Amino acid sequence: MKHSRNLLFTALLAALSTPALAEVTIDVIGGSEISFEGLVQADGNWFDNDVADLNGAGRSDSGFELRRAELIVKGKGPGMLSWVVGYDAKADKFLDTNVAWKFNGGTTLTVGQYKQPNSMEELSSTKNNDFISKATATNTFAVSRRLGAQLATEGDNWGLAGSVFSRELTYGAHGPGFGLRGYFSPIKAEGQLLHLGLSFVDLDTNADSLRLRARPQADLAAVRLADTGTLADTDRQRTLGAEAAWVNGPVKLQAEYFTSTVDRYASADDFSGDAWYVSGMWNVTGETWGYKKGVIATSRPNSPASGMWQLGLRYDAINLDDGSVLGGEMSSLTAGVNWYLRSNFKLSMNYVMVDSDRRGIQDDPNILEARASFFW
């Protein structure tokens, strides 16, 4: 851990000594243009508890934590080859760590660890998340980084990706599976977008057990208000996702829905749960949105000195009740504001109102959240 802190400190000094930009170009070695990126995030959560103590028994009603300390080295070339090695010094785990080869015609083969082809929100850049916590639907059902091989191809307004994967690089408690994602953009122009997509992930539940649970839209909360408990005798989990987004100038609307089925052996009934969210974002300072590979990107401020202001509102819901499994239902309304200052800083504030019901216990806390981000 001491080595991780030293590495992070060195990275911060290197970034702070350079002008404001999105990445630091290091050198060209062996025909590969090497660059260095990073992300540091610190969070604060203040809990207005109802029934459960969201910060853990005996603690205060607030929590503060260094959330991420990501260090990323990238290479472009030689030719159509590219590579990346990412590491989170806070979580002590590898991020995207892969090699990719781009063929003619927009087709790319990626081998290594990468985000699986599902969930538009999961595939988006962490530093540009619309809200401090990802939607409950994404956190519960989306599959993030795994080791595998992916073949992806795209046209002017469509894209397809297929992946086979196994465990996560740092932690191996995940089963093998495959994922598919396709998207279509019937409207695609500067400041105008309509995006539609579908995804499907099928994976082995590994140790014949699975637990699905969700925090109340607060990453530092110690309690999950929706929780199936450990589901024994499980075989496979299959998750179907649908996504849609619409952009009109500075306004973005986005929604996703997931339905997931867990196949269990004859001794237990199969389990099904679902979750969804719908959100709206407004760039008050007038910036529009970017779009690449079926993922919407946040633009830089039009005026770096005064920065870019965003206002957002999101409603999400999850249902983990099915037959004898009483995981509960939870819905959340999140209001947020983001301030992007220059090219390297972001300050965020969210207020979350939660409504949950599990096994007849109604628990409706409110949470104030803040995040400071520095990236390069």
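Anything mentioned here points back to the structure above.
Residues numbered from 1 in each chain as written. Predicted model: local features only at pLDDT ≥ 70, side-chain atom pairs only at ≥ 80, totals over all residues. Heavy atoms only, no water.

## Digging into a positive patch on the surface
Here is step 1 of the chain: On the surface, a cluster of positive charge is contributed by Lys76, Lys102, Lys292 and Lys293.
Here is step 2 of the chain: On the basis of relative accessible area, Lys76 is assigned to the exposed category, the value being 56%. (Patch = residues over 30% accessible without salt bridge, like charges linked within 9 Å, V, L, I, M, F, W, Y side chains within 5 Å. Areas by Shrake-Rupley, 256 points an atom, 1.4 Å probe, with all protein chains shown as cover. Salt bridge = Lys/Arg side-chain N within 4 Å of Asp/Glu carboxyl O. Lys, Arg positive; Asp, Glu negative; His and termini not counted. Charge placed at Lys NZ, Arg CZ, Asp CG, Glu CD. Buried < 20%, exposed > 50% of the residue type's maximum accessible area, 1.4 Å probe, protein only.)

## Examining the environment of Ala317
Here is step 1 of the chain: The topology assignment puts Ala317 in strand β18 (residues 308–322).
Here is step 2 of the chain: Note on Ala317: relative accessible area 12%, which makes it buried.
Here is step 3 of the chain: In contact with Ala317, other than residues within four places in its own chain, are Ala275, Trp276, Met330 and Ser331. (Helix = DSSP H or I, 4+ residues; strand = E, 2+ residues; numbered from the N terminus. Contact = heavy atoms within 4.5 Å.)

## Points about unusual backbone geometry
Leaving glycine out, the prevailing phi sign among residues is negative, and the prevailing peptide bond configuration is trans.
Here is step 1 of the chain: That bond from Gly77 to Pro78 is cis: its omega, 0°, falls within 30 degrees of zero.
Here is step 2 of the chain: As for its position among the elements, Pro78 is in the loop between β3 (62–76) and β4 (81–88).
Here is step 3 of the chain: Phi is positive for Asp92, close to 55°, though the residue is something other than glycine.
Here is step 4 of the chain: With respect to the helices and strands, the residue Asp92 is situated in the loop between β4 and β5 (93–102).

## Some details on the environment of Pro186
Here is step 1 of the chain: By the secondary structure assignment, Pro186 is in strand β9 (residues 177–189).
Here is step 2 of the chain: Along the sequence, Pro186 and Ser82 sit 104 residues apart, while their C-alpha atoms lie 30 Å from each other.

## Some details on the packing of aromatic side chains
Here is step 1 of the chain: Inspection of every chain in the model, using the stated rule, returns 8 aromatic pairs.
Here is step 2 of the chain: For the pair Tyr87 and Phe94, a centre-to-centre distance of 5.6 Å together with 65° between the ring planes defines the contact as edge-to-face.
Here is step 3 of the chain: Through a chain of ring-to-ring contacts, the aromatic side chains of Phe36, Phe345, Phe374 and Trp376 assemble into a single cluster.
Here is step 4 of the chain: Sitting above the plane of the Trp289 ring, Lys252 keeps its charged end 4.4 Å from the centroid. (Phe/Tyr/Trp six-rings, centres within 6.5 Å; stacked < 30°, edge-to-face > 60°. Lys NZ or Arg CZ within 6 Å of the ring centre and 35° of its normal.)

## Things to note about the pairing of β4
A regular strand places its side chains so that they alternate between the two faces of the sheet.
Here is step 1 of the chain: Inspection of the sheet shows β3 paired to β4 by 7 bridges, in the antiparallel sense. Among the inter-strand pairings, Glu70 is bridged to a residue of β4, identified as Asp88.
Here is step 2 of the chain: Connecting the antiparallel pair β3 and β4 is a turn made up of 4 residues, with Gly77 showing a positive phi of about 100°.
Here is step 3 of the chain: The pairing of β4 with β5 spans 7 bridges and is antiparallel. Bridge assignment links Val85 to a residue of β5, and that residue is Thr97.
Here is step 4 of the chain: Linking β4 to β5, which pair antiparallel, is a turn of 4 residues; within it Asp92 sits at a positive phi near 55°. (Pairing = 2+ DSSP bridges.)

## A look at a negative patch on the surface
Here is step 1 of the chain: A cluster of acidic residues, Asp48, Asp50, Asp61, Glu329, Asp355, Asp357 and Asp364, forms a negative patch on the protein surface.
Here is step 2 of the chain: Its location among the elements puts Asp48 in strand β2 (residues 32–48).
Here is step 3 of the chain: We classify Asp48 as partly exposed; its relative accessible area is 46%.

## With respect to the pattern of salt bridges
Here is step 1 of the chain: Counting across every chain of the model gives 17 salt bridges.
Here is step 2 of the chain: Here Glu121 ties to Arg314 by a salt bridge, and the two come within 3.7 Å at their closest N and O atoms. Residue Glu121 is located in helix α2 (residues 120–123), and its partner Arg314 is located in strand β18; the two are separated by 193 residues in the primary sequence. Neither Glu121 nor Arg314 differs from the other in exposure class; each is buried.
Here is step 3 of the chain: With a closest N to O distance of 3.2 Å, Lys134 and Glu122 form a salt bridge. One end of the pair, Lys134, is in the loop between α2 and α3 (136–141); the other, Glu122, is in helix α2, with 12 residues separating them in the sequence.
Here is step 4 of the chain: You can call Glu122 buried: its relative accessible area is 7%.
Here is step 5 of the chain: Each member of the salt-bridge network shares a partner with another, and the members are Asp43, Arg67, Asp219 and Arg371.

## Looking at the pairing of β3
Here is step 1 of the chain: With 14 bridges joining them, β2 and β3 adopt antiparallel strand pairing. In the strand pairing of β3, Asp43 is matched with Glu65.

## Comments concerning the side chain of Asn350
Here is step 1 of the chain: The topology assignment puts Asn350 in strand β20 (residues 345–358).
Here is step 2 of the chain: What makes Asn350 buried here is its relative accessible area of 1%.
Here is step 3 of the chain: For Asn350, the side chain forms a polar contact with the main-chain nitrogen of Ile132, separated by 2.9 Å.
Here is step 4 of the chain: For Asn350, the residues in contact, after removing those within four places along its chain, are Phe131, Ile132, Thr334, Ala335, Gly336, Val337, Ile367, Leu368 and Glu369. (Polar contact = N/O pair within 3.5 Å; in protein donor to acceptor, adjacent residues only side chain to side chain.)

## As for a nonpolar patch on the surface
Here is step 1 of the chain: On the surface, Trp46, Phe64, Tyr257, Trp276, Val278, Leu313, Tyr315, Leu333, Met349, Tyr351, Met353 and Leu368 cluster together into a nonpolar patch covering about 1100 Å² of accessible area.
Here is step 2 of the chain: Looking at the nonpolar patch, the elements that each hand over two or more residues are β15 (271–283), β18 and β20.
Here is step 3 of the chain: The element contributing the most residues to the nonpolar patch is β20, with 3 residues.
Here is step 4 of the chain: With respect to the helices and strands, Phe64 occurs in strand β3.

## Quick word on the side chain of Ser373
Here is step 1 of the chain: On the secondary structure map, Ser373 appears in strand β22 (residues 366–375).
Here is step 2 of the chain: Here Gln41 takes part through its side chain, which lies 3.3 Å from a polar atom of the side chain of Ser373.
Here is step 3 of the chain: With residues near it in sequence (within four places) discarded, Ser373 still touches Leu39, Val40, Gln41, Asn344, Phe345 and Lys346.

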